Structures are given as C-alpha cells and as structure tokens.
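One-letter residues, chain by chain:
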Amino acid sequence: MRAPAAGLNRCGFILEHTRLLSVPHAPEIALHVAQEATELWQKTEDELATIGLPPPFWAFAWAGGQALARYLLDNPETVRGRRVLDFASGSGLVAIAAAKAGAAAVEACDIDAFAAEAIALNAAANGVDVTVRLDDLIGLDEGWDVVCAGDVCYERSMAQSVIAWLSDLSSRGTQVLIGDPGRSYLPKDRLEALASYAVPVTRSLEDAEIKQSSVWRLKA
C-alpha cells in the first residue's frame, strides 16, 4: 500500500484500502476494515508520522471492542434510552452497537482524523446515527449515562490517565464499561467482570486467532 500524499482525501483513502465486512463476533455490524492487515500495520510509526497518518487503529475490529459490541447487542437494556460515549472509538464499532441497541444518543470520540472519518463511514454503512467528535475528552464530564472504552489499557500512561478519568465519571453515577482481552495495564482489582467471549481476531495483530476477551464494569 502506498503512503497517502499530503492533503489526500481521508474518505477516499479509507475506501481504497479497506473492504466493508461483517465483524466476526458481531456480524450484525459491518465495518470498513483493512484487506491486508499485515501490509497496513507493518508501517512503522516513524514512517506514518512523516505522512501525517497515525497508526491505523480504525482499520481493525479489536478484541475488546468486539466483546463490548457483543455485550451491548445482547444486553440492549444497558444503553436503551441513554446517552452513550464510545471513547477512543477507532472504527466506531462499539458506538454503532450502542445505537443499534437503542441508545437515545451516541457519541464516538477519537483523536485521529482518519478514525473520525472511518466512524462516519461505518455508521452510515450500518444505518445508525452517531455523533463523531475529533477530540480528546479525558477530564471532561458532559453528563453521559454510559461510557464505553475498548482496548485502552495497552500503554501504561494512557491506561492510568483514562482509568483515573473514568473513575471520576463512575463516582458521579456514570456506568463505565471496558472491553479488554487482558492487556498489560488493565486494573482488574478495580473492575467487575460482566461477560467473557472467545473473540476471533487477526493473528498478525494479536498473535492468536481467538482472543478471550471480557467486558468489565468499573467500580465506583
């Protein structure tokens, strides 16, 4: 895959390098995902930085996000009629699941402009309304009833800042749901397990074809 030139239309880039496919563990949802995961992912972060393209987290259905999406689809009462935020949304998978489950309003935030474009494309492909926010919302409290976060505990500093913020939201009554396949910095002592799934994943990304992934509720 050739690197995108400066100023390239993000929508066009995503459509050129992805296919619309059903999510393995949530086949009710289709996403624009990378056709060749290895080819796309093996670009180094330094190379990507020279063309202004962050690592393409938006191009894959990660294990924690698939688990969260499955949980919401199977337990729609969790979000039905509520305001939901999907934090670090990536592809928008969890936000789309929340919308399909009957949430009153769904926001999906990410700091990657390509992710924001991918979320909009994926929401449209699934016929749901999702408000896309290209923003870092850590530290903010805008009255969400439910906040979902999938696969956010892979880096120490990020996990610490995200969990601290989510704990503040939880203390005032927000239900915080975390989807995770057991990444290094998941604070299990502060979580209550809700469900566990055997999630099909891409071996080139996760070193496995099936990843046991859980949905957790953050304790207040």
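Calculation rules
Residues numbered from 1 in each chain as written. Predicted model: local features only at pLDDT ≥ 70, side-chain atom pairs only at ≥ 80, totals over all residues. Heavy atoms only, no water. Helix = DSSP H or I, 4+ residues; strand = E, 2+ residues; numbered from the N terminus. Buried < 20%, exposed > 50% of the residue type's maximum accessible area, 1.4 Å probe, protein only. Contact = heavy atoms within 4.5 Å. Axes fitted to C-alpha atoms, helices over the stretch in contact; angles between N-to-C directions. Parallel < 35°, antiparallel > 145°, perpendicular 65-115°, else oblique. Nonpolar A, V, L, I, M, F, W, Y, C, P; charged D, E, K, R; others polar. Expected span 1.5 Å × (residues − 1). Pairing = 2+ DSSP bridges.

Trainee: So what's going on with the overall build of the protein? Residues and values would help.
Mentor: Looking only at helices and strands, the protein features 8 helices and 9 strands. Within the protein, the proportion of its 220 residues that are buried is 53%. Sequence-distant contacts, at least 24 apart, represent 65% of the contacts inside the protein between residues at least 6 apart.

Trainee: Talk me through the environment of Lys211; I want residue IDs and the actual numbers.
Mentor: Structurally, Lys211 can be placed in strand E9 (residues 210-218). For the pair formed by Lys211 and Val201, sequence separation is 10 residues and the distance between their alpha carbons is 6.6 Å. Once you skip the residues sitting within four places of it in the chain, Lys211 turns out to touch Ala63, Pro181, Tyr197, Ala198, Val199, Val201 and Glu206.

Trainee: Please give an account of the packing of helix H4 (residues 63-74) against helix H5 (residues 93-100) that cites residues and values.
Mentor: It is the contact of H4 with H5, at a shortest axis distance of 9 Å, that shows an interaxial angle of 0°. If you check the angle between H4 and H5, you find them roughly parallel. When H4 is examined against H5, the residues Gly65, Gln66, Leu68, Ala69, Leu72 and Leu73 are found in contact with a partner set consisting of Leu93, Val94, Ala97, Ala98 and Lys100. When grouped by side-chain class, the residues that make up the contact of H4 with H5 number 8 nonpolar, 2 polar and 1 charged.

Trainee: Account for helix H7 (residues 156-171), with residues named and values stated.
Mentor: For H7, built from 16 residues, the straight-helix expectation of 22 Å at 1.5 Å per residue is met to within 8% by its first-to-last C-alpha distance of 22 Å. Those residues of H7 not exposed but buried are Ala159, Val162, Ile163, Trp165, Leu166, Ser167, Leu169 and Ser170. Of the surrounding elements, those touching the buried residues of H7 are strand E3 (83-87), strand E6 (146-150), strand E7 (175-180) and E9. Positive backbone phi, approximately 115°, marks Gly173, located one or two places after H7.

Trainee: I'd like to hear about the sheet that holds strand E5 (residues 131-134), residue by residue, with values.
Mentor: Pairing is mixed across the open sheet formed by 7 strands, whose spatial order is E5-E4-E3-E6-E7-E9-E8. Looking at strand neighbours, the two that pair on one side only are E5 and strand E8 (191-200), the edges of this open sheet. On average, adjacent strands in this sheet sit at an angle of 20° to one another, irrespective of strand direction. Alignment of E3 against strand E4 (residues 105-110), held across 4 bridges, turns out to be parallel. Within the sheet, the bridge partner assigned to Arg83 lies in E4 and is Ala105. Contacts between helix H6 (residues 113-125) and the sheet are confined to E4 and E5, with E5 contributing the most and set at about 175° to the helix.

Trainee: Tell me about unusual backbone geometry, and name the residues and values.
Mentor: Positive phi is not limited to glycine here, since Ala88 has a value of about 50°. Relative to the assigned elements, Ala88 resides in the loop between E3 and H5. Accessibility expressed as a relative area gives 25% for Ala88, which makes it partly exposed. Positive phi, normally seen in glycine, also occurs at Asp151, with a value near 60°.

Trainee: Give me the lowdown on the environment of Leu68, citing residues and values where you can.
Mentor: The residue Leu68 is located in helix H4 in this model. A C-alpha to C-alpha distance of 8.4 Å links Leu68 and Ala97, two positions 29 residues apart in sequence. If we ignore the near neighbours within four places in the chain, the residues touching Leu68 are Val94, Cys148, Ala149, Gly150, Leu177, Ile178, Gly179 and Val215.

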